[in-house]
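# Close look at the chain arrangement
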Amino acid sequence: MDSAAFEQIAFDALDALPPKLRAAIRDVQIVIEERPTGRNARRKGLLLGLYEGIPLTAPDRDYSGKLPDKITLYREHIEAYARSEEEIPFVIRETVWHEVGHFFGLDHDRIRRMEKRWQEKRRE
Ligand SMILES: [Zn+2]
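Residues numbered from 1 in each chain as written. Predicted model: local features only at pLDDT ≥ 70, side-chain atom pairs only at ≥ 80, totals over all residues.

### A closer look at the overall build of the protein chain
We count it as follows: Runs of E in the DSSP output that reach at least two residues are strands. Runs of H or I that reach at least four are helices, and both are numbered from the N terminus. Atoms counted for the radius of gyration: C-alpha only. Globule rule: 2.2 Å times residue count to the power 0.38. The burial label depends on the number of other C-beta atoms within 10 Å of a residue's C-beta. Counts of 20 or more mean buried, 12 or fewer mean exposed, and intermediate counts mean partly exposed, with C-beta atoms placed from the backbone. By the convention adopted here, residues make contact when the C-beta atoms placed from their backbones lie within 7 Å.
What the protein chain contains, in helices and strands, is 5 helices and 3 strands. Here the protein chain has a C-alpha radius of gyration of 14 Å; the compact-globule value for 124 residues is 14 Å, and the two agree. Taken over the C-alpha atoms alone, the protein chain extends approximately 40 × 35 × 30 Å along its principal axes. Taken over 124 residues, the protein chain has a buried fraction of 17%. In the protein chain, 68% of the contacts between residues at least 6 apart in sequence involve partners at least 24 apart.

What follows is the structure in structure tokens.
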């Protein structure tokens, strides 16, 4: 999949969120990289994406003088994780939503439960 199409699917995934959520994440930047670097390159398994920033629920959240929150998608890992070419868009979308979950301060238990529902839905 070419990078323009990949990026478009990622942005569409944000737009597909309910309007109230969508409005809250206006300041989040989406960045696409081929693979993790530095500390994250040494993580085990396929790291699909990364959220960096201060979750909305953090008590000391204050934007003044801070960089915008950032969601990074790792293209090679997402493509390797997908079982087929057709599955890549689903994996992109679910990775974006996973990282958005972190932005909203959800823990992995909550996020995993949501992901299970999405995965069941896409198999229907
Ligand atoms: Zn996570």
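### Some words on the environment of Ala 82
Along the chain, the position of Ala 82 falls in the loop between α3 (75-81) and α4 (88-103). Sequence-wise, Ala 82 and Phe 103 are 21 residues apart; in three dimensions their C-alpha atoms are separated by 24 Å. Setting aside residues no more than four positions away along its own chain, Ala 82 makes contact with Glu 87, Ile 88 and Val 91.

### Things to note about the pairing of strand β3 (residues 70-74)
Regular strands place side chains that alternate from one sheet face to the opposite one. So the rule is basically this: Two strands form a pair only when DSSP identifies at least two bridges running between them.
Here β3 lies mainly inside the structure; 4 of its 5 residues are buried. Taken together, the 5 bridges between strand β1 (residues 29-33) and β3 define a ladder with parallel strand orientation. In the strand pairing of β3, Ile 32 is matched with Leu 73. Note: strand β2 (residues 49-52) against β3, 4 bridges, orientation antiparallel. When the sheet's bridge partners are listed, Leu 50 is paired in β3 with Thr 72.

### A closer look at the packing of α4 against helix α5 (residues 108-123)
Under the convention used in this document: The axes used here are C-alpha line fits, helices contributing only the stretch in contact, and every angle between their N-to-C directions lies in the interval 0 to 180 degrees. When describing relative orientation, an angle under 35 degrees is termed roughly parallel and one over 145 degrees roughly antiparallel, while 65 to 115 degrees is termed roughly perpendicular and anything else oblique. Helix crossings fall into two classes, left-handed where the near helix is turned counterclockwise from the far one by less than a right angle and right-handed where it is turned clockwise.
Closest axis-to-axis distance for the α4/α5 pair is 10 Å, and the angle between their directions is 155°. When the axis of α4 is compared with that of α5, the two are roughly antiparallel. The crossing of α4 and α5 is right-handed. Of the residues in α5, those touching α4 at Phe 90, Glu 94, His 98 and Gly 101 are Arg 110, Ile 111, Met 114, Glu 115, Trp 118 and Arg 122.

### Section: α5
Counting along an α-helix, one turn takes 3.6 residues, and residues three or four places apart therefore face a common direction. Note the threshold: What a helix should span is 1.5 Å times the count of its residues minus one.
Given a rise of 1.5 Å per residue, 16 residues ought to cover 22 Å, and the 22 Å separating the end C-alpha atoms of α5 matches this to within 8%. For α5, the buried fraction is low: 0 of the 16 residues fall into the buried class.

### Observations regarding the sheet that holds β2
Taken in spatial order, the 3 strands make up an open sheet running β1-β3-β2, and their pairing is mixed. In this open sheet, the two strands that pair with only one neighbour each are β1 and β2. The mean inter-strand angle of the sheet, taken between neighbouring strand axes irrespective of direction, is 20°. Packed onto the sheet, helix α1 (residues 3-15) meets β1 and β3 and runs at close to 150° relative to β1.

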